[in-house]
Amino acid sequence: MCATAMALGACGASNSGGGDSSAPSPAVARDGDSLSSPSELAGSAPAAPPAGTAGSPQKAPAPSPDQPITPVGRSLIRTAQLAVEVDDVTIAHSQVRTAVVAAGGYIAEEQTYRTNASMVLRVPAATLDKVTDDVSALGTPTSRSTQVSDVTEQVVDLGARVATQQASVARVRTLLAQATTIGDVVSIESELARREADLDSLTGRLAALQGQVELSTLTVDLRQKDGAKPDAEEPGPTGFLAGIDAGWRGLMALGTIIGAVAGFVLPFLPVLLVIGAIVWYLRRTIKARPAPTPALAGAGAAPSGSAPSGSAPSGSAPGGAAPSGAAPSGPGPDGAP
């Protein structure tokens, strides 16, 4: 019996050596519980590793709809200043306007004078260099400068904040749709209005920044050259017509002088009239006074020292006789004096 048992044990060991000694029997479990069929054992086996685990290729997760897309290029704000000396400011100004319209831009500000003009142009960033070269070709450039500002980080930051604020507004609107009481509705609407205002502010800032990136600013200063002269005047008339023109100009000049003198004297006219009236009144008063008459020595008497005409002198004899001791004034009888 011992020999038979040993032989059977040797045969079993030889049979089990051809397989895996560590694999359990499909019909017996660890605790002695038997499985009814191999399918139950297959169902208890671990499932295959899911896709994306170690040993299998992984795919990048799809971006979220609310996640902002980072721009591939840089966001640059370009500005330029240009000063040009030209022969005629009016013609150069018209040519600059034509170049700006052809480039797809517009004039934001302009100031035009007789000998100079200043213009602020807004042109697409891709055509800034071309417009600058076209304006420089209109005359002699005296100064030219360009500045570039990188605002990529600001654009990305504002884009992310706009996307986040949009998601926040959407969530608040969902809560508003689910509100059942008046108090909840009022509170949620107030919060929704605040968030929408913040969203509008961020959107406006982002749009303004993107506008500065898309359109560059070019400041142009046009100045007339010192040697440039205005257009020559047409020749005037000659001969008889020139004389008439000269006479007419002289008459106009004389009229201008007379008008200037009259305008100068006019403020003094009331004073002169008052002075003239005073002088006239004084002269009239003096002329109206009576002249003084001389005093008489006696009524009908001759002045002393003179004898009246046809009367004899005192001391003379009556009857025409000569006074005693005096010779007669007339001739003698013999004709002698």
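Residues numbered from 1 in each chain as written. Predicted model: local features only at pLDDT ≥ 70, side-chain atom pairs only at ≥ 80, totals over all residues. Heavy atoms only, no water.

## Overview of the overall build of the protein
Turning to step 1, where the next piece is worked out: Broken down by element type, the protein carries eight helices and five strands.
Turning to step 2, where the next piece is worked out: Its helices and strands taken in sequence order, the protein reads α-α-β-α-β-β-α-β-α-α-β-α-α from the N to the C terminus.
Turning to step 3, where the next piece is worked out: Of all 337 residues assigned to the protein, the portion counted as buried reaches 15%.
Turning to step 4, where the next piece is worked out: Contacts in the protein between residues at least 24 apart in sequence constitute 74% of all its contacts with a sequence separation of at least 6.
Turning to step 5, where the next piece is worked out: Carbon together with sulfur atoms contributes 61% to the accessible area of the protein, which is approximately 25400 Å² in total. (Helix = DSSP H or I, 4+ residues; strand = E, 2+ residues; numbered from the N terminus. Buried < 20%, exposed > 50% of the residue type's maximum accessible area, 1.4 Å probe, protein only. Contact = heavy atoms within 4.5 Å. Areas by Shrake-Rupley, 256 points an atom, 1.4 Å probe, with all protein chains shown as cover.)

## Some thoughts on the pairing of strand β5 (residues 215–224)
Turning to step 1, where the next piece is worked out: Here strand β1 (residues 76–86) pairs with β5 via eight bridges, running parallel. By the bridge assignment, L82 is partnered in β5 with V220.
Turning to step 2, where the next piece is worked out: Both strand β3 (residues 116–124) and β5 contribute to a ladder of nine bridges, which runs antiparallel. Along β5, the bridge assignment pairs S118 with D221. (Pairing = 2+ DSSP bridges.)

## Some remarks on the packing of aromatic side chains
Turning to step 1, where the next piece is worked out: Summed over all chains, the structure comprises one aromatic pair.
Turning to step 2, where the next piece is worked out: Seen from their ring centres, F264 and F268 are 5.7 Å apart, and the 50° between their planes marks the pair as tilted.
Turning to step 3, where the next piece is worked out: Its relative accessible area of 58% is what places F264 among the exposed residues. (Phe/Tyr/Trp six-rings, centres within 6.5 Å; stacked < 30°, edge-to-face > 60°.)

## Some points on the pairing of strand β2 (residues 106–112)
Turning to step 1, where the next piece is worked out: Pairing analysis gives six bridges linking β2 to β3, with the strands arranged antiparallel. The residue of β3 that forms the bridge with I107 is L121.
Turning to step 2, where the next piece is worked out: Between the antiparallel neighbours β2 and β3 lie three residues.

## Thoughts on the packing of helix α5 (residues 152–178) against helix α6 (residues 182–214)
Turning to step 1, where the next piece is worked out: Contact pair α5 / α6: the axes reach a minimum separation of 9 Å and the direction vectors enclose 160°. The angle between α5 and α6 places the two elements in the roughly antiparallel class. Where α5 crosses over α6, the two elements pack in a sense that is left-handed.
Turning to step 2, where the next piece is worked out: When the residues that make up the contact of α5 with α6 are grouped by side-chain class, the tally is 14 nonpolar, six polar and seven charged. (Axes fitted to C-alpha atoms, helices over the stretch in contact; angles between N-to-C directions. Parallel < 35°, antiparallel > 145°, perpendicular 65-115°, else oblique. Left-handed = near helix turned anticlockwise from the far one by under 90°. Nonpolar A, V, L, I, M, F, W, Y, C, P; charged D, E, K, R; others polar.)

## Some words on the sheet that holds β2
By definition, the strands of a sheet pair up through backbone hydrogen bonds, in either a parallel or an antiparallel sense.
Turning to step 1, where the next piece is worked out: The strand order across the open sheet built from five strands is β2-β3-β5-β1-β4, with neighbouring strands paired in mixed fashion. In this open sheet, the two edge strands, each paired with only one partner strand, are β2 and β4 (140–150). Neighbour to neighbour, the strand axes of the sheet diverge by 10° on average, direction disregarded.
Turning to step 2, where the next piece is worked out: Where helix α3 (residues 89–102) meets the sheet, it contacts β1, β2, β3 and β5, and its direction lies at approximately 5° from that of β3.

## Details of the nonpolar core
Across soluble globular proteins, nonpolar side chains have a tendency to be buried as a group.
Turning to step 1, where the next piece is worked out: With 19 residues, the main nonpolar core has V96, L121, V135, L218 and L222 as its most contacted residues.
Turning to step 2, where the next piece is worked out: Counting only elements with at least two residues in this core, the list comes to β1, α3, β3, α4 (128–136) and β5.
Turning to step 3, where the next piece is worked out: Discounting chain neighbours no more than four positions away, the residues touching L218 are A80, Q81, L82, M119, V120, L121, L128, V131 and T132.
Turning to step 4, where the next piece is worked out: With 14 residues, the next largest nonpolar core counts V169, L199, L202 and V213 among its residues. (Core = buried A, V, L, I, M, F, W, Y, C linked by side-chain atoms within 4.5 Å.)

## Focus on the pattern of salt bridges
Turning to step 1, where the next piece is worked out: A full pass over the atoms with the stated rule returns 13 salt bridges.
Turning to step 2, where the next piece is worked out: Between D157 and R161 there is a salt bridge, with its nearest N and O atoms 3.9 Å apart. With D157 and R161 both in helix α5, this residue pair falls four residues apart, about one helical turn.
Turning to step 3, where the next piece is worked out: Relative accessible area serves as the criterion here: at 39%, D157 is assigned to the partly exposed category.
Turning to step 4, where the next piece is worked out: Here the residues in one salt-bridge network are E191, R194, R195 and D198, joined through shared partners. (Salt bridge = Lys/Arg side-chain N within 4 Å of Asp/Glu carboxyl O.)

## Side note on a nonpolar patch on the surface
Turning to step 1, where the next piece is worked out: Together, I257, V261, F264, V265, F268 and L272 make up a nonpolar patch on the protein surface, roughly 600 Å² of accessible area in all.
Turning to step 2, where the next piece is worked out: Within the element layout of this structure, F268 appears in the loop between α7 (240–265) and α8 (269–288).
Turning to step 3, where the next piece is worked out: On the basis of relative accessibility, which here comes to 46%, the residue F268 falls in the partly exposed class. (Patch = residues over 30% accessible without salt bridge, like charges linked within 9 Å, V, L, I, M, F, W, Y side chains within 5 Å.)

## Considering the side chain of T132
Turning to step 1, where the next piece is worked out: Among the structural elements, T132 can be located in helix α4.
Turning to step 2, where the next piece is worked out: Since its relative accessible area comes to 3%, T132 is described here as buried.
Turning to step 3, where the next piece is worked out: In terms of polar contacts, T132 uses its side chain to reach the backbone carbonyl oxygen of L128, at 2.8 Å.
Turning to step 4, where the next piece is worked out: Once you skip the residues sitting within four places of it in the chain, T132 turns out to touch L82, R144 and L218. (Polar contact = N/O pair within 3.5 Å; in protein donor to acceptor, adjacent residues only side chain to side chain.)

## Topic: the environment of M119
Turning to step 1, where the next piece is worked out: Position of M119 relative to the elements: it lies in strand β3.
Turning to step 2, where the next piece is worked out: Residue classification places M119 among the buried residues on the basis of a relative accessible area of 0%.
Turning to step 3, where the next piece is worked out: Separated by 101 residues in sequence, M119 and V220 place their C-alpha atoms 5.1 Å apart.
Turning to step 4, where the next piece is worked out: Not counting residues within four places of it along the chain, the set of residues in contact with M119 comprises H93, V96, R97, I107, E109, E110, L218, T219, V220 and L222.

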